[in-house]
Amino acid sequence: MRQHAGELTIATPGPGLHDVTHPVRAWVTGTGLATGLLTLFVRHTSCSLLIQENAAPAARRDLERWFAALAPERAGYEHDDEGADDMPAHLRAAITAVSLSIPVANGAPVLGTWQGIYLFEHRRMPHRRQIALHLIGEAWRALGDHDRGG
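The text that follows walks through the structure, step by step, so that each part is easy to find. It should be emphasised that the depicted structure is a prediction, and the values quoted were computed from it without experimental measurement.

In this structure, Thr12 sits in strand E1 (residues 2-12). Residue Thr12 is classed as buried on the basis of its relative accessible area of 2%. A distance of 2.8 Å separates a polar atom in the side chain of Thr12 from a polar atom in the side chain of Glu121. Thr12 has contacts with His18, Leu119, Glu121, Pro126, His127 and Arg129, leaving out every residue within four places of it along the chain.

Take a look at the structure:
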């Protein structure tokens, strides 16, 4: 059993679902592990992580509008230290997730055909977000070449 830890920095231009599937896949590939469990953890309180539809942009836009209606800006929140989007961002993060666990097989995250990994930015201003990654599992050598799936 081996493990790897790392971090991705994602620049978000503003609110919305930002696809991080490719950099996560690349990181997993770079570890050399074939099978295991990947944990992602976003180190912030005003953004979150989601596994969501990766084919139809309308599904993501509908999700973004739904969250905006669920936790609207300028709703008289006491906490508004960083502006009108401050508390709504915390509420949206509270009802989503700051961590994900994804199985890894054949050297890649096991995602469904229409699934992507998204950083859900809840703030209007651009940010640099850190996602901590941890993968525990077995390397190709430990499994034997016949398990490479190719």
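Bringing the sheet that holds strand E7 (residues 115-121) into the picture now. A sheet is described by the order of its strands in space; here 3 strands give the open sequence E2-E7-E4, paired in antiparallel fashion. This sheet does not close on itself; its edge strands, each paired only once, are strand E2 (16-19) and strand E4 (47-53). With strand direction ignored, the average angle separating the axes of adjacent strands in the sheet is 40°.

This brings us to helix H1 (residues 21-31). If you check which residues of H1 are buried, you get Thr21, Val24, Trp27, Val28 and Thr31. An end-on view of H1 places all buried positions within 130° of arc, on one side of the element. Pointing more than 90 degrees away from the buried face of H1 are the exposed residues His22, Thr29 and Gly30. Positive backbone phi, at 80°, marks Gly32, one or two positions downstream of H1.

With respect to burial, E7 is a largely interior element, 6 of its 7 residues being buried. Here E2 pairs with E7 via 4 bridges, running antiparallel. Following the sheet pairing, His18 is matched in E7 by Leu119. Sheet analysis places E4 next to E7, joined by 7 bridges and oriented antiparallel. Counterpart to Leu49 in the pairing with E7 is Leu119.

Right, let's talk about the sheet that holds E1 for a bit. The strands that make up a sheet pair up through hydrogen bonds in the backbone, lying either parallel or antiparallel. In spatial order, the strands read E1-E8-E3-E5-E6; together these 5 strands make up an open sheet with antiparallel pairing. The open sheet has two free edges, formed respectively by E1 and strand E6 (108-109), since each of these has just one partner strand. Here H1 sits on the sheet in contact with E1, strand E3 (33-42), strand E5 (99-105), E6 and strand E8 (127-139), set at roughly 155° to E1.

Looking now at the environment of Val98. Among the secondary structure elements, Val98 is positioned in the loop between helix H3 (86-94) and E5. Distance in space between the C-alpha atoms of Val98 and Pro72 is 20 Å, their sequence separation being 26 residues. Not counting chain neighbours up to four residues away, the residues in contact with Val98 comprise Leu40, Phe41, Val42, His44, Cys47 and Leu49.

Rules of the game
Residues numbered from 1 in each chain as written. Predicted model: local features only at pLDDT ≥ 70, side-chain atom pairs only at ≥ 80, totals over all residues. Heavy atoms only, no water. Helix = DSSP H or I, 4+ residues; strand = E, 2+ residues; numbered from the N terminus. Buried < 20%, exposed > 50% of the residue type's maximum accessible area, 1.4 Å probe, protein only. Polar contact = N/O pair within 3.5 Å; in protein donor to acceptor, adjacent residues only side chain to side chain. Contact = heavy atoms within 4.5 Å. Pairing = 2+ DSSP bridges. Axes fitted to C-alpha atoms, helices over the stretch in contact; angles between N-to-C directions. Arc of directions from axis to C-beta.

Everything listed here is a matter of coordinates, which is why it stays silent on function.
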